[in-house]
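# Descriptive structure summary
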Amino acid sequence: MSSPAWVVFRKELRDTLRDRRTLVAMVVVPLLLFPLLMVGMAKFSQSRAAEARDKTLAVAVADAEASSGLADYLRHEPGLEISEVQDVTALPERVRTEELDAAIVVPAGYGAAVAAHQPAPLQLLHKSSDDFDIPRTRLEQALGRFEQKLLDERLRGLGIEPRSIDPLDIQRTDVVSSRELFGKLLGGLLPYMFIIFCFTGGMYPAIDLAAGEKERGTLETLLSSPASRLQIAFGKFAVVTLTGFTSALLATVGMYVSVQSVTGIPAPVLAAVQSVLAPGTIALVLALLLPLSVFFAAILLMLSLYARSYKEAMSVISPLMIVVVVPAAIALAPGVRLGLGTALVPVLNVSLATREIIAGTADPLHLALVFASLLLLAAGGMAACARWFSREDIVFRS
């Protein structure tokens, strides 16, 4: 014979899966959001970057002395369309309105400074843009090559070989692994998304299974069944926990699908992403999210049970999203690390621990503290939720 709690669980799960809002929040959004975001952003960024790199830049050169040789040098640089002008005052406006991509002003005194072996003044007018400032970078690289040419000529004029002024040849080797670098850069964003899905995935079922049933008048019918209050509470509680956890799990699947769909990812980055998506790493992350889902389920179900109607439950629970987002967002701030203190802060500890797991730098002691605090929270939430269902003034509040 089936346990009453199991019967309640199956009944509530069946009703939940019939609700389109729940299915969208639990399945469609987490499963499609990562592919849409990552594939869409990657394609757009690659397209914009390629367009900015291939674009022919319109650059005006205003040479007060007409003897710098800069305009002639830049004409031999690929991707630059050089025009010489006399009116300096109109250049800022022409750059601002994007008639020109940039302008270079060579002021009076430039030639004298070069002849005296002093730094020669040069003004670059540009407009910061949303294409990664690639046009400015391209022009600065061209000016850097012109500067190096002048430096080589100056040194040879003094009888000095240009290479002799470089006393050191520094060989840089970054010992950080590609996985650790990826984890530090993006490891804060991924748990942020997982936590949000964990919360929103359980939100609609929690509202429907308590406040919704109150409003429909079906909660009283369920309470008059042979199942005890505790069994009813655990049946509903298990459904909300399952939907929240499933939402986070599907977000992981969506991330995996999106990585496989994006083309043009550099090999080191792809290797780092694949190491992050290894079964052991995913299992650890999901193990963190499970007790968090239990805690969220308890809070959501208690607030929903307290509300008189579906609308009131929405108005009470929706602001709670901010309470969840803030500690998750704090983990994105530079310098915030997992330690003995932060390991005990709900939500923040999950976000920081997930980041360390993704980067492959998690400390076992800190992880143990995070798990212990989450299990205590989950147990406390379950006990509080069960007690909430036993109070007549809450269940029949009107």
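Scroll up to find the structure this text is about.
Bear in mind that the values here come from a model prediction, so they are computed numbers and not experimental data.

## Examining unusual backbone geometry
- Positive phi values are uncommon outside glycine, yet Glu98 reaches one of about 65°.
- By relative accessible area, which is 57% here, Glu98 ends up exposed.
- Phi angles above zero are rare outside glycine, and Val347 is one such case at about 70°.
- Inspection of the secondary structure puts Val347 in the loop between helix H14 (320-330) and helix H15 (348-359).

## A closer look at the pairing of strand S1 (residues 57-63)
- Within S1, seven of the seven residues are buried, leaving the element largely enclosed by the surrounding structure.
- On S1, burial covers both faces: Leu57, Val59, Val61 and Asp63 on one face and Ala58, Ala60 and Ala62 on the other are all buried.
- As judged from the five bridges shared by S1 and strand S2 (residues 80-84), these two strands associate in the parallel manner. Note that in S2 the partner of Ala60 across the bridge is Ser83.
- By the bridge criterion, five bridges tie S1 to strand S3 (residues 102-106) in an arrangement that is parallel. Its bridge partner lying in S3, Ala62 is registered against Val105.

## What to know about the nonpolar core
- Membership of the largest hydrophobic core comes to 71 residues, with the highest contact counts inside it found for Ile195, Phe199, Leu289, Leu292, Phe296 and Leu301.
- Not counting residues within four places of it along the chain, the set of residues in contact with Phe296 comprises Ile195, Cys198, Phe199, Val324 and Val347.
- Membership of the second largest hydrophobic core comes to 17 residues, among which are Val61, Leu70, Tyr73 and Phe146.

## Details of the sheet that holds S1
- Read across the open sheet, the four strands follow the order S2-S1-S3-S4; overall the sheet is mixed. If you trace the sheet from one side to the other, it starts and ends with S2 and strand S4 (123-126), each paired once. Put simply, the sheet's adjacent strands are angled 20° from each other on average, direction ignored.
- Strand contacts of helix H6 (residues 134-157): S1, S2, S3 and S4, with the helix running at about 160° to S4, the strand carrying the most contacts.

## As for the packing of helix H1 (residues 4-17) against helix H8 (residues 189-216)
- H8 packs onto H1 with a crossing angle of 110° between their chain directions and a minimal axis gap of 10 Å. The angle between the axes of H1 and H8 places the two elements in the roughly perpendicular class. Across from Lys11, Glu12 and Thr16 in H1, the residues of H8 making contact are Pro205, Leu209 and Glu213.
- Of the residues belonging to the contact of H1 with H8, the class tally is two nonpolar, one polar and three charged.

## Some words on the packing of H8 against H15
- Their axes nearest at 8 Å, the elements H8 and H15 cross at an angle of 135°. Here H8 lies oblique to H15, going by the angle between them. Where H8 crosses over H15, the handedness of that crossing is right-handed. For the pair H8 and H15, contact is made by Leu190, Pro191, Tyr192 and Ile195 and by Val350, Ser351, Thr354, Arg355 and Ile358, respectively.
- For the contact of H8 with H15, a count of residues per class yields six nonpolar, two polar and one charged.

How each quantity is defined
Residues numbered from 1 in each chain as written. Predicted model: local features only at pLDDT ≥ 70, side-chain atom pairs only at ≥ 80, totals over all residues. Heavy atoms only, no water. Buried < 20%, exposed > 50% of the residue type's maximum accessible area, 1.4 Å probe, protein only. Helix = DSSP H or I, 4+ residues; strand = E, 2+ residues; numbered from the N terminus. Pairing = 2+ DSSP bridges. Core = buried A, V, L, I, M, F, W, Y, C linked by side-chain atoms within 4.5 Å. Contact = heavy atoms within 4.5 Å. Axes fitted to C-alpha atoms, helices over the stretch in contact; angles between N-to-C directions. Parallel < 35°, antiparallel > 145°, perpendicular 65-115°, else oblique. Nonpolar A, V, L, I, M, F, W, Y, C, P; charged D, E, K, R; others polar. Left-handed = near helix turned anticlockwise from the far one by under 90°.

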